[in-house]
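# Residue-level structure breakdown
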Amino acid sequence: MKNRFLMVVGVILIPLLFAAAGDKKYGKPLTLKKATPIAELLAKPEAFKDKTVMLEGEITEVCQKKGCWIKVKDSSSDTELQVKVEDDVIVFPKDGKGKKVRAEGVVSVSVLTEEERRSRAEHEAEEQGTLKEFDPSKIVGSVTIVRIEGEGAVLVDE
């Protein structure tokens, strides 16, 4: 009788343990089945502007202040793109660097002036704890910024 009880408990608990170790979901469920290569998106950002896309790749960086953004590297081209989420709506794990991710959101394309670039770079340096190394004189001119306004993501447990 005791062995039968242990066997039943094992049959119930083992799948639960595997499910707990599975993929970690953030935000809204993903709706797209096919990923857009980052290099393709960056080659023609205006064609994707305001459209929902899914990226797949490796997390190369995570906001260390609030977990409000990640940078995703596309394995097929080694290009990367930032996925920014609303503060406190989604919080990416600060130790997520190196993990595989699928992230979905709307493509944002904007032009930043030199002053806006410096302000954003200073803010990011503060978030990453690298403000001491920040040198605003190295930022010259305007730039077009392409990023994903993230709505949902899945960190893939391999």
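This write-up is about the structure you can find in this document. (Residues numbered from 1 in each chain as written. Predicted model: local features only at pLDDT ≥ 70, side-chain atom pairs only at ≥ 80, totals over all residues. Heavy atoms only, no water.)

Assigned secondary structure in the protein chain consists of four helices and six strands. In the protein chain, the succession of α and β elements from N to C terminus is α-β-α-α-β-β-β-β-α-β. When each of the 158 residues of the protein chain is scored for burial, the buried share is 30%. If you take every contact in the protein chain between residues at least 6 apart in sequence, the share linking residues at least 24 apart comes to 72%. For the protein chain, the exposed surface amounts to about 10200 Å²; the carbon and sulfur share of it is 55%. (Helix = DSSP H or I, 4+ residues; strand = E, 2+ residues; numbered from the N terminus. Buried < 20%, exposed > 50% of the residue type's maximum accessible area, 1.4 Å probe, protein only. Contact = heavy atoms within 4.5 Å. Areas by Shrake-Rupley, 256 points an atom, 1.4 Å probe, with all protein chains shown as cover.)

As enumerated under the stated definition, the model contains zero disulfides in all. Left unpaired, Cys68 is separated from the closest cysteine sulfur, that of Cys63, by 3.7 Å. Cys68 sits in the buried class, given a relative accessible area of 2%. (Disulfide = S-S within 2.5 Å.)

A word on the layout of surface pockets. A water-sized probe, rolled over the atoms, reveals where empty space remains. When its volume is computed, the largest pocket comes out at roughly 300 Å³. Forming the walls of the largest pocket are 15 residues, and the residues nearest its centre are Lys71, Gln82, Arg120, Glu124 and Ile145. When residues of the lining of the largest pocket are assigned to their parent elements, the largest contribution, five residues, is made by strand S6 (residues 143-156). Split into classes, the residues belonging to the lining of the largest pocket amount to seven nonpolar, two polar and six charged. (1 Å grid on protein atoms, 1.4 Å probe; cavity = no way out; pocket = protein on both sides within 12 Å on 5 of 7 lines; lining within 4 Å. Points joined across faces, edges and corners; volume = space filled by probe spheres on them. Nonpolar A, V, L, I, M, F, W, Y, C, P; charged D, E, K, R; others polar.)

For the structure on display, the rule yields eight salt bridges. Taking the shortest distance from any N to any O, the salt bridge between Glu126 and Lys65 comes out at 3.7 Å. With Glu126 in helix H4 (residues 114-128) and Lys65 in the loop between strand S2 (52-62) and strand S3 (69-73), this pair connects stretches of sequence that are 61 residues apart. Look at Lys65 and you get partly exposed, because its relative accessible area is 45%. For the salt bridge of Asp88 with Lys66, the shortest nitrogen-to-oxygen distance reads 3.5 Å. Within this pair, whereas Asp88 is found in the loop between strand S4 (80-84) and strand S5 (100-112), its partner Lys66 is found in the loop between S2 and S3, the two being separated by 22 residues in sequence. (Salt bridge = Lys/Arg side-chain N within 4 Å of Asp/Glu carboxyl O.)

For Asp135, the location among the structural elements is in the loop between H4 and S6. Taking the C-alpha atoms as reference points, Asp135 and Ala121, separated by 14 residues in sequence, lie 9.3 Å from one another.

We now examine the pairing of S2. With seven bridges joining them, S2 and S5 adopt antiparallel strand pairing. Across the sheet, Glu58 pairs through a bridge with Lys100, a residue of S5. Pairing analysis gives four bridges linking S2 to S3, with the strands arranged antiparallel. Across the sheet, the residue bridging to Ile59 is Val72, located in S3. Here S2 folds back onto S3, and the loop between the two strands holds six residues, one of which, Gly67, carries a positive phi near 65 degrees. (Pairing = 2+ DSSP bridges.)

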